[in-house]
Amino acid sequence: MKIEDIVQKEVKNISCYEVKTILGQKSQEKIAKMNLNENFAIPNDTIEKLLLDACRSIDVRAYPPPRGKLASKAISSFLGFSESEISVANGADEIMDLLMKVFVRKRSKVITVEPSFPMYTFFTELYGGSTVPVLLRPDFSLDVDAILQKADKNTRLLFVCSPNNPTGNQFQEAEIKRLLQEFNGVVVVDEAYVDFAEGSVINWVRDYDNLVVLRSFSKAFGLAGLRLGYLISSTSIVKYVQRVVGPFNVNSVTQQTIALALEKWSYFKKQIKYVVNEREWLMKNLQQIDGVKPYSSDTNFILFKVTKPHLTSATVTERMETRNVLIKERGHLPLLENCIRVTVGNRDMNETFLSALKESLEE
Ligand SMILES: Cc1ncc(COP(=O)(O)O)c(C=O)c1O
């Protein structure tokens, strides 16, 4: 028997999703790690204390509360949705995986708006479905008519990331509303970055039972390593998602830490404000650098184009790396020729980034 012969076709066709890692680096600020939209603006001491408090109040010899019940309960009282409208998992990534388990198999179609977060396609293909990409307009706005035209009887899901990674903009509420009314399938609005923006469509869950809102603790709360994401949706969708998840998917440390973090919302809110201020500071500085053009952002990152003649985003990214600044090259994506995405860091990181960028443009 050859292993290759019995591996499912979808798994053979997909490649392992590669991510650049720095193992064993305690203080990520030393390497300015600005490539994955993590949040190093929150001091590690604060997070450490939260974790220690959480660890003291749990007993990991016991299995965790099933299906993240402790975390769901905390999110429920924080947001004012009932627990039957919430499902939690190991990061928003795992929520995507669960949604595919519920809605996608061979011949199912999933519409994605491009350029956007690549994991929608990854998970769709893993379950044998195919994605139907619809381009944003050149100003990064949604092309609602094009999306609606692409939908057919096999279409199950539509992913709209708002604010969008990597373009950074939040979409118009009226456009999302039109999709909810006219799209014949489930509309997943990924709000991983919503805390850095102004509005949210979360309350529409009460009006549209085909809306799923995705959220994450990796960005505004600076808890990417803990892995917690959740969805808010109609009870009918949540009921099916709960069927496809293992009973003990989210560990107790994570669940308890999330509950404690939500109690400290006023602290995190201040940190979000800090990131937004840093974003505006970084934006002003980028606007003054000859050879780059930044795009406005409603997130904790900024997308910018390398406009200096004969220089590519790939070269700039490599030059930055030699200066210990990690950023994300996005130039291969549609509409994003020569573009790079940089995460907003604390002031030190942002200054390091700016001086490394100036050197890299002149090298
Ligand atoms: C748009 C978007 N959605 C979801 C995620 C994944 O979030 P999580 O860390 O909760 O899995 C990311 C991570 O970068 C993201 O950019």
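Residues numbered from 1 in each chain as written. Predicted model: local features only at pLDDT ≥ 70, side-chain atom pairs only at ≥ 80, totals over all residues. Heavy atoms only, no water.

## Some thoughts on the sheet that holds strand 2 (residues 86-89)
Part 1: The mixed open sheet is built from 7 strands, whose spatial order is 2-8-7-6-5-3-4. Both edges of this open sheet fall to strand 2 and strand 4 (130-135), since each of them pairs with a single strand only. Sheet twist, expressed as the mean angle between neighbouring strand axes with direction ignored, is 20 degrees.
Part 2: Sheet analysis places strand 2 next to strand 8 (residues 229-233), joined by 4 bridges and oriented antiparallel. Pairing of Ser 87 across the sheet is with Leu 231, part of strand 8. (Pairing = 2+ DSSP bridges. Helix = DSSP H or I, 4+ residues; strand = E, 2+ residues; numbered from the N terminus. Axes fitted to C-alpha atoms, helices over the stretch in contact; angles between N-to-C directions.)

## Let's talk about the pattern of salt bridges
Part 1: This structure, assessed with the given rule, holds 18 salt bridges.
Part 2: For Arg 178, the salt bridge is made with Asp 145, and the minimal N-O distance between the two is 2.8 Å. On the criterion of sequence distance, the pair formed by Arg 178 in helix 8 (residues 173-182) and Asp 145 in helix 7 (residues 144-150) is long-range, its members being 33 residues apart.
Part 3: By relative accessible area, Asp 145 is classed as partly exposed at 40%.
Part 4: Several salt bridges converge on common partners, so that one network encompasses Arg 319, Arg 323, Glu 359 and Glu 363. (Salt bridge = Lys/Arg side-chain N within 4 Å of Asp/Glu carboxyl O. Buried < 20%, exposed > 50% of the residue type's maximum accessible area, 1.4 Å probe, protein only.)

## Some details on the domain arrangement of the chain
Part 1: The domain architecture assigned to the chain consists of domain 1 (3-45 + 266-362) and domain 2 (58-264).
Part 2: Computed over C-alpha atoms, the centres of domain 1 and domain 2 are 23 Å apart.
Part 3: Buried area between domain 1 and domain 2, summed over both chains or domains, comes out near 2600 Å², and the portion from carbon and sulfur atoms is 69%.
Part 4: Of all residues in domain 1, the largest losses of buried area upon contact with domain 2 belong to Phe 268, Asp 298 and Leu 335, amounting jointly to 23% of the total for that side. (Domains from an automatic or database assignment. Buried area = accessible area lost by both parts, 1.4 Å probe.)

## A short note on the packing of aromatic side chains
Part 1: Counted under the stated rule, the structure contains 14 aromatic pairs.
Part 2: Taking 4.7 Å as the distance between ring centres and 50 degrees as the angle between the ring planes, the aromatic pair formed by Phe 217 and Phe 221 counts as tilted. In this structure, Phe 217 and Phe 221 share a single accessibility class: buried.
Part 3: For the ring pair Phe 304 and Phe 353, a centre distance of 6.0 Å and an interplane angle of 65 degrees mean the geometry is edge-to-face. Within this pair, whereas Phe 304 is found in strand 10 (residues 301-306), its partner Phe 353 is found in helix 13 (residues 347-362), the two being separated by 49 residues in sequence. (Phe/Tyr/Trp six-rings, centres within 6.5 Å; stacked < 30°, edge-to-face > 60°.)

## Description of the state of the cysteines
Part 1: Applying the stated criterion across every chain, the model contains 0 disulfides.
Part 2: Left without a disulfide partner, Cys 339 is nearest to the cysteine sulfur of Cys 161, which lies 16 Å away. (Disulfide = S-S within 2.5 Å.)

## Focus: the site of the ligand
Part 1: Near the ligand, the surroundings consist of 14 residues, among which Ala 92, Asp 190, Tyr 193, Ser 216 and Ser 218 are the closest.
Part 2: Contact between the ligand and Ser 218: an oxygen atom at 2.6 Å from a side-chain N or O atom of the residue.
Part 3: Considered on its own, the ligand offers 400 Å² of accessible surface; in the complex 93% of this is hidden by protein.
Part 4: Looking at the shell around the ligand residue by residue, the class counts come to 6 nonpolar, 4 polar and 4 charged. (Near = heavy atom within 4 Å. Polar contact = N/O pair within 3.5 Å; in protein donor to acceptor, adjacent residues only side chain to side chain. Areas by Shrake-Rupley, 256 points an atom, 1.4 Å probe, with all protein chains shown as cover. Nonpolar A, V, L, I, M, F, W, Y, C, P; charged D, E, K, R; others polar.)

## Brief notes about unusual backbone geometry
Part 1: Residue Pro 163 is reached from Ser 162 by a cis peptide bond, and omega for that bond is 0 degrees.
Part 2: Its place among the elements puts Pro 163 in the loop between strand 5 (155-161) and helix 8.
Part 3: For the peptide bond that leads from Asn 165 to Pro 166, omega is 15 degrees, which places it in the cis range.
Part 4: Take Pro 166: it is sitting in the loop between strand 5 and helix 8.
Part 5: A positive phi angle is found at Arg 67, which is not glycine, with a value near 45 degrees.
Part 6: Locating Arg 67 in the fold gives a position in the loop between helix 3 (44-56) and helix 4 (69-79).
Part 7: Positive phi, normally seen in glycine, also occurs at Asn 338, with a value near 65 degrees.
Part 8: Looking at the element boundaries, Asn 338 is found in the loop between strand 12 (328-329) and strand 13 (339-343).

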